[in-house]
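Residue-level listing of the chains:
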Amino acid sequence: QVQLVESGGGLVQAGGSLRLSCAASGRTFSSNTVGWFRQAPGKEREFVAAIRWGTLYAVSVKDRFTISRDNAKNTVYLQMNSLKPEDTAVYYCAGTRVVAIPRSASSYDVWGQGTQVTVSS
């Protein structure tokens, strides 16, 4: 059973950057799709980005966020630039063996515990 652990969250001013990491343990997940989701208070969890052999982004983060993976380290990253207050949320990484890059959270069966990202104005 793979386990995912996120890190890299924190407090940053608007316009700043953060890099989130999602480290997997238990088994290699180089062939899995890994996604990042976020959930703000009072809102539903929403898709941010995902990677398998290609990448997929939510419109709201495209051109500001970059997802990448280092299979040797069993880690997926989310580089977040030009952060906005509306990016404030708990960010989760999730994995799936589905041979696709799904946007739906229900397609992912392994989840990390989340890391808080707060962007001040």
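Here, every reference points to the structure presented above.
Residues numbered from 1 in each chain as written. Predicted model: local features only at pLDDT ≥ 70, side-chain atom pairs only at ≥ 80, totals over all residues. Heavy atoms only, no water.

Thoughts on the nonpolar core
Then, in step 1: Within the largest apolar cluster, 34 residues are counted, with the highest numbers of intra-cluster contacts made by Trp36, Leu78, Met80 and Tyr91.
Then, in step 2: Listed by contribution, the elements that provide at least two residues to this core are strand E3 (18-25), strand E4 (33-39), strand E5 (46-51), strand E7 (65-70), strand E8 (75-80), strand E9 (89-96) and strand E11 (115-120).
Then, in step 3: For this core, the leading source of residues is E5, giving five residues.
Then, in step 4: Setting aside residues no more than four positions away along its own chain, Leu78 makes contact with Leu18, Arg19, Leu20, Trp36, Val48, Ala49, Phe65, Thr66, Ile67 and Tyr91. (Core = buried A, V, L, I, M, F, W, Y, C linked by side-chain atoms within 4.5 Å. Buried < 20%, exposed > 50% of the residue type's maximum accessible area, 1.4 Å probe, protein only. Helix = DSSP H or I, 4+ residues; strand = E, 2+ residues; numbered from the N terminus. Contact = heavy atoms within 4.5 Å.)

Structural notes on the pattern of salt bridges
Then, in step 1: Within this structure, the stated rule accounts for three salt bridges.
Then, in step 2: The partner of Asp87 in a salt bridge is Arg38, and the shortest N-O contact between them spans 2.9 Å. One end of the pair, Asp87, is in the loop between E8 and E9; the other, Arg38, is in strand E4, and 49 residues separate them in sequence. With respect to burial, Asp87 and Arg38 carry one shared label: buried.
Then, in step 3: Notably, a salt bridge pairs Arg64 with Asp87, separated by 2.8 Å at the nearest N-O pair. With Arg64 in the loop between strand E6 (55-57) and E7 and Asp87 in the loop between E8 and E9, the pair connects residues that are 23 residues apart, well separated along the chain. Residue Arg64 shares its accessibility class with Asp87, and that shared class is buried.
Then, in step 4: One network of salt bridges, with partners in common, ties together Arg38, Glu46, Arg64 and Asp87. (Salt bridge = Lys/Arg side-chain N within 4 Å of Asp/Glu carboxyl O.)

A closer look at the sheet that holds E7
Then, in step 1: Spatially, four strands are ordered E1-E3-E8-E7 in an open sheet, and the strand pairing comes out antiparallel. Whereas interior strands pair on both sides, the edge strands pair on one side only; in this sheet they are strand E1 (3-7) and E7. Pairs of neighbouring strands in the sheet enclose a mean axial angle of 15°, with direction left out of account.
Then, in step 2: Two strands pair when backbone bridges link them, and E3 and E8 are joined in this way by six bridges, in the antiparallel orientation. Following the sheet pairing, Leu18 is matched in E8 by Met80. (Pairing = 2+ DSSP bridges. Axes fitted to C-alpha atoms, helices over the stretch in contact; angles between N-to-C directions.)

Regarding the state of the cysteines
Then, in step 1: The tally for this structure, following the rule as stated, stands at one disulfide.
Then, in step 2: Between the sulfur atoms of Cys22 and its disulfide mate Cys93 the distance is 2.1 Å. Across the S-S bond linking Cys22 and Cys93, the dihedral sits near 70°, which makes this disulfide right-handed. Of this pair, Cys22 sits in strand E3 while Cys93 is found in strand E9, placing the two residues 71 residues apart along the sequence. (Disulfide = S-S within 2.5 Å.)

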